[in-house]
Amino acid sequence: MPVEEPRWWYAERASSLGRLLDPIGSIVGWIAERRWHSTDGYRANRPVICIGNFTAGGTGKTPLALEVARILRLAGETPVFLSRGYGGSLRGPHLVNLATDTAAEVGDEVLLLAKQGVAFVARDRAAGAKAIEVAIERGDCAGTVIIMDDGLQNPSLVKDLTLAVVDGRRGFGNGRIIPAGPLRAALNFQMKLADAIIINQPAAAHHDDADRPTLIGNFAGPILEATPSPVGEHAWLTPKPLVAFAGIGNPARFYELLRNLGGHVVAEVSFADHRRLKESEATRILELAASHGAVIATTEKDIARLRGLGGARGRLREEAHALAIQLTWRHDDGAYLASLLSDALKRRRQR
């Protein structure tokens, strides 16, 4: 359930509005649990790896999906991405075409996934898996594993491994369920759906093993930790001041990363997750950069939303630098994830 995030969800002091909305949150959580227990999911003819989270808003699912695909390719697999395509107009199932599709049609996240492999958009996840199967049979694409981007709470497709991403800095906010807080359902219910948890956090905020129960609670499965790190050329970060803009679930995390990398951020312009910029907003960012003599910095998702647009938004896309990121693993957590993926594929294929 995508929701524009209120600041008080993550405020240090409890909000009276959260308490007032608790009854609605309880209903939302009850519906999510009832749907899960009353739905028989479709079992695809290929293993399904789900990347999800417990909360509304950004936690780093897309970088993890790309990292899982990288690990699978190293193991000789051919992953195919399956995305809901949030923010796009197409319900699918639809095979994403980078040459013609735009974020307005398929959403921004799936355009990033499609750069690294075959990607399908489908609001109905079971229908999406079936479309992938048909496409493979016809020879339209190759694929041995389906990576389901988001959908931890979605029971329509049976998963062989479910990975839940948690923002290590913000955790679960006030611990309440939408709209009273950021949780998509009761936390104890959601944790039963996950096979492993990945804590995604800035390099300066690592948790010792002893501190993890405070963040995660009584989760019995493996808890891994990763840090977003830049990939590719990023020398543009330091010579000049930066004007940064972002329309993602947690823009503050992006701005913090820029500063951790040595960037001098003089202005921040934030938008709701997945929202497309207006011409006037793009003009404002361009003017801010000009007035500060600054470089414009943004995320890959935001650049993807500007594809195919002209005017000020087209100029913004040409002038902005997108910071590409990848996950860097704590200790041997990357190898542990690779073993989890391998074991899940073996179990599925032995059935």
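Residues numbered from 1 in each chain as written. Predicted model: local features only at pLDDT ≥ 70, side-chain atom pairs only at ≥ 80, totals over all residues. Heavy atoms only, no water.

Looking now at unusual backbone geometry. Geometrically, the link from G92 to P93 is a cis peptide bond, its omega value of 0° lying close to zero. Looking at the secondary structure, you find P93 in the loop between strand 2 (79–83) and strand 3 (94–95). Of note, the amide linkage connecting I178 to P179 takes the cis form, showing an omega dihedral of 5°. Structurally, P179 is set in the loop between strand 6 (161–167) and helix 6 (187–191). Non-glycine residue D150 carries a positive phi angle of around 75°. When you line up the elements, D150 lands in the loop between strand 5 (145–149) and strand 6. (Helix = DSSP H or I, 4+ residues; strand = E, 2+ residues; numbered from the N terminus.)

Turning our eyes to something else, we now look at the sheet that holds strand 11 (residues 295–299). Pairing between the strands of a sheet comes from backbone hydrogen bonds, and it takes one of two forms, parallel or antiparallel. Ordered in space as 10-9-11-12, the four strands form an open sheet in which the pairing is parallel. The sheet is open, and its two edges are formed by strand 10 (265–270) and strand 12 (321–323), each paired on a single side. With direction set aside, neighbouring strand axes in the sheet form an average angle of 30°. Pairing between strand 11 and strand 12: three bridges, direction parallel. Within strand 12, the position partnered with T299 by the bridge is L323. (Pairing = 2+ DSSP bridges. Axes fitted to C-alpha atoms, helices over the stretch in contact; angles between N-to-C directions.)

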